Amino acid sequence: MFDSLWIEKYRPKKLEDIVGSQEEVERIQEWIIKHKNRDLSVERFLLLYGSPGVGKTTIANIIFN
């Protein structure tokens, strides 16, 4: 129980807070901007995949919030 509180307390709240591949974070930011502007050249979906614990759920929560 206490571990989950610590995890939530320090979970990144913005894409800029994510530590890791900045190239991937920039690609996600570009997708979000294009999607918000209804750019027809952008894919209609964003597929997040990877090993457990790499931040897929965190990124999804940031995008939807």
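In this report, we go over the structure that sits alongside the text. (Residues numbered from 1 in each chain as written. Predicted model: local features only at pLDDT ≥ 70, side-chain atom pairs only at ≥ 80, totals over all residues. Heavy atoms only, no water.)

## Digging into the pattern of salt bridges
Pairs can form between side chains of opposite charge once their charged atoms are near each other.
Argument step 1. In the structure shown here, the tally under the stated rule is 2 salt bridges.
Argument step 2. E8 is the salt-bridge partner of R11, the closest N and O atoms lying 2.8 Å from each other.
Argument step 3. Residue R27 pairs with E24 through a salt bridge whose shortest N-O separation is 3.5 Å. Taken as a pair, R27 and E24 lie in helix α2 (residues 22-36) at a separation of 3 residues, close to a single helical turn. (Salt bridge = Lys/Arg side-chain N within 4 Å of Asp/Glu carboxyl O. Helix = DSSP H or I, 4+ residues; strand = E, 2+ residues; numbered from the N terminus.)

## Considerations on a nonpolar patch on the surface
Argument step 1. Taken together, W6, I7 and Y10 make up a surface patch of nonpolar side chains, about 370 Å² in accessible area.
Argument step 2. By the secondary structure assignment, W6 is in helix α1 (residues 2-10). (Patch = residues over 30% accessible without salt bridge, like charges linked within 9 Å, V, L, I, M, F, W, Y side chains within 5 Å. Areas by Shrake-Rupley, 256 points an atom, 1.4 Å probe, with all protein chains shown as cover.)

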